[in-house]
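Fold and geometry: a report
Letter by letter, the chains look like this.
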Amino acid sequence: MSVHLKPLADQTVVITGASSGIGLVTARTAAERGARVVLAARSGDALETLAREIGRDRAVAVVADVTDRDDVRRIGETAVERFGGFDTWVNDAGAFIYGTLEDVPVEDMRRLFEVNLWGLVYGSLEAVAHFKERGGGALVNVGSVLSDRAIPLQGIYCASKHAVKGFTDALRMELAAEGAPVSVSLVKPNAIDTPYPRHAKNYMDREAKVPPPVYSPDAVARAILHCAEHPTRDVIVGGGGKQVTMLGHYAPGLLDTVMEKVFIPLMRGDAPARPLAENSLDGPAGRLEERGGYDGHVFETSLYTQAVLHPWRALGLAALAGAGVALAARTR
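We now turn to the structure provided with this report. All figures in this text were calculated on a predicted structure; none of them were measured in a lab.

Conventions adopted
- Residues numbered from 1 in each chain as written.
- Predicted model: local features only at pLDDT ≥ 70, side-chain atom pairs only at ≥ 80, totals over all residues.
- Heavy atoms only, no water.
- Helix = DSSP H or I, 4+ residues; strand = E, 2+ residues; numbered from the N terminus.
- Rg over C-alpha atoms; globule rule 2.2 N^0.38 Å.
- Buried < 20%, exposed > 50% of the residue type's maximum accessible area, 1.4 Å probe, protein only.
- Contact = heavy atoms within 4.5 Å.
- Areas by Shrake-Rupley, 256 points an atom, 1.4 Å probe, with all protein chains shown as cover.
- Pairing = 2+ DSSP bridges.
- Right-handed = clockwise from strand over helix to strand, strands pointing away.
- Core = buried A, V, L, I, M, F, W, Y, C linked by side-chain atoms within 4.5 Å.
- Salt bridge = Lys/Arg side-chain N within 4 Å of Asp/Glu carboxyl O.
- Expected span 1.5 Å × (residues − 1).
- 1 Å grid on protein atoms, 1.4 Å probe; cavity = no way out; pocket = protein on both sides within 12 Å on 5 of 7 lines; lining within 4 Å.
- Points joined across faces, edges and corners; volume = space filled by probe spheres on them.
- Nonpolar A, V, L, I, M, F, W, Y, C, P; charged D, E, K, R; others polar.
- Phe/Tyr/Trp six-rings, centres within 6.5 Å; stacked < 30°, edge-to-face > 60°.
- Axes fitted to C-alpha atoms, helices over the stretch in contact; angles between N-to-C directions.
- Parallel < 35°, antiparallel > 145°, perpendicular 65-115°, else oblique.

**What about the overall build of the chain?**
- Each helix and strand in the chain was counted, giving eleven helices and 13 strands.
- For a compact globule of 332 residues, the expected C-alpha radius of gyration is about 20 Å, and the chain comes in at 20 Å, within 12% of that figure.
- Along the three orthogonal principal directions, the C-alpha set of the chain runs to about 60 × 55 × 40 Å.
- For the chain, the proportion of its 332 residues judged to be buried stands at 53%.
- Within the chain, residue pairs in contact and separated by at least 24 positions form 74% of the contacts whose partners lie at least 6 positions apart.
- Surface accessibility of the chain: about 14,800 Å² in total, with carbon and sulfur atoms responsible for 56%.

**Considering the pairing of strand 6 (residues 137-142)**
- Taken across its six residues, strand 6 has six buried, putting it largely inside the fold.
- Across the two faces of strand 6 the burial is the same, with Gly137, Leu139 and Asn141 and Ala138, Val140 and Val142 all buried.
- Two strands pair when backbone bridges link them, and strand 4 (residues 88-91) and strand 6 are joined in this way by four bridges, in the parallel orientation. Of the residues in strand 6, the one forming a bridge with threonine 88 is alanine 138.
- Sheet topology note: the strand 6/strand 7 (residues 182-189) ladder contains six bridges and is parallel. Its bridge partner being in strand 7, valine 142 is matched across the sheet by valine 187.
- The handedness of the strand 6 to strand 7 crossover, carried by helix 5 (residues 155-178), is right-handed.

**Regarding the nonpolar core**
- Val38, Ile75, Trp89 and Tyr98 are the most contacted members of the largest nonpolar core, which has 52 residues in total.
- Of all the elements, helix 4 (residues 106-134) adds the most residues to this core, at seven residues.
- If sequence neighbours within four positions are ignored, valine 38 has contacts with Thr12, Val13, Val14, Ile15, Val60, Val62, Ile75, Ala79 and Phe83.
- Of all hydrophobic cores here, the second largest spans 35 residues; its members include Ile22, Ala31, Ala61 and Leu309.

**Here we look at the pattern of salt bridges**
- Per the counting criterion, the structure on display carries 26 salt bridges.
- Among the salt bridges present, the one from glutamate 133 reaches arginine 134, with a minimum N-O distance of 4.0 Å.
- Overall, the relative accessible area of 64% leaves glutamate 133 in the exposed class.
- In this structure, a network of salt bridges that share partners links the residues Lys165, Asp169, Arg172, Arg233 and Asp234.

**Side note on helix 5**
- An ideal rise of 1.5 Å per residue puts 34 Å on 24 residues; helix 5 measures up with 35 Å between its terminal C-alpha atoms.
- For helix 5, the complete set of buried residues consists of Gly155, Ile156, Tyr157, Cys158, Ser160, Lys161, Val164, Thr168, Asp169, Leu171, Arg172 and Leu175.
- Residues of helix 5 that are buried sit in contact with strand 5 (97-98), helix 4, strand 6, strand 7 and helix 6 (196-199).

**A look at the environment of histidine 199**
- Counting through the fold element by element, histidine 199 comes out in helix 6.
- With residues up to four places along the chain from it excluded, the contact list for histidine 199 reads Ser20, Phe96, Asn279, Ser280, Leu281, Ala285 and Glu289.

**Some remarks on empty space enclosed by the protein**
- With the rule as written, the count across this model stands at one cavity of 30 Å³ or more.
- Roughly 60 Å³ of internal volume is contained in the largest cavity.
- Contributing to the lining of the largest cavity are Thr16, Val66, Asn91, Asp92, Ala93, Val115, Asn116, Gly119, Leu120, Val142 and Lys161.
- With four residues, the single largest contributor to the lining of the largest cavity is helix 4.
- Here the residues of the lining of the largest cavity sort into five nonpolar, four polar and two charged.

**Considering the packing of aromatic side chains**
- Under the defined criterion, the tally for this structure stands at eight aromatic pairs.
- When the ring of phenylalanine 96 is compared with that of tyrosine 196, the centres are 4.2 Å apart and the planes differ by 25°; the resulting orientation is stacked. Taken together, the residues phenylalanine 96 in the loop between strand 4 and strand 5 and tyrosine 196 in helix 6 connect sequence positions 100 residues apart.
- Accessibility expressed as a relative area gives 13% for tyrosine 196, which makes it buried.
- Between tyrosine 157 and tyrosine 196, the ring centres sit 5.6 Å apart and the planes meet at 85°, which makes this aromatic pair edge-to-face. With tyrosine 157 in helix 5 and tyrosine 196 in helix 6, this pair connects stretches of sequence that are 39 residues apart. In this pair, the class of tyrosine 157 matches that of tyrosine 196, namely buried.

**Thoughts on the packing of helix 8 (residues 239-250) against helix 9 (residues 252-266)**
- Direction vectors running N to C along helix 8 and helix 9 enclose 125°, while the axes themselves pass 5 Å from each other. By the angle between their directions, the pair helix 8 and helix 9 is classed as oblique. Contacts from Val244, Leu247, Gly248, His249 and Tyr250 of helix 8 reach helix 9 at Pro252, Leu254, Leu255 and Met259.
- A breakdown of the residues in the contact of helix 8 with helix 9 according to their chemical character gives seven nonpolar, two polar and no charged.

Below you can see the structure in the form of structure tokens.
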């Protein structure tokens, strides 16, 4: 069954993890484009500030912990009560840990899976039930390039994102087999300039960093909102991420060596680690922060991702460029 998705300006969009990083940028961008937004996170004061910023007529804040299924149900119920339902559900809430798998306590590993996998599962099932009842919609799950390729020092995070990919792919097939009017997308960002390293629970002795190339959260938000309007199976945000996944597929041993020799030092900063208690795994982040202050170059857009999402536009630009080269050659 083909899935018809509304223009974003006619939609109500639910976003978990809306108080920082990718979720925050997605919420603001969706609102700027005319959508009504349901903002969900644990940081109540930050969400209320964001709702006031957007406007109470187009935004509602829901303080919720996605590891609690009753909280997740309440997000959907609030969307129905306030706006009559929702058209897109974005599962973005996430937790992060740095450290070797031997150093990270199993209790923290379980907690991370509760957020990254089970929170996403609860949100997905809530969205699918609503879409089946109301005639369709878009489910957008935020995975990672690490859904396809693991890296050291973030092993349990990688494991959770591999699980997210498996769940999302299976759900998509099951819904397609029954002809349900639901678009299921998996967005896989590369390294993004968000507060991710500061919010992570860090068991290393040095500050946590993200390895380059690094892209802006705006690039991810654009991909998410594209999926809200256009049925899209999956998309990697950042050409660097695509290169990593391809190398991992065709030369996994070589990429292992690169990870061991290059990526491990890139994820360890020069400064000492922040206090272990300062993390968003154990409690809400509390502030509206889009960026993480990455000290290297940040790509504000990804030509690769734009070409994947807008192939005809990319072909047109390539044709214009080719015509320009041909004209210049003829003139010479």
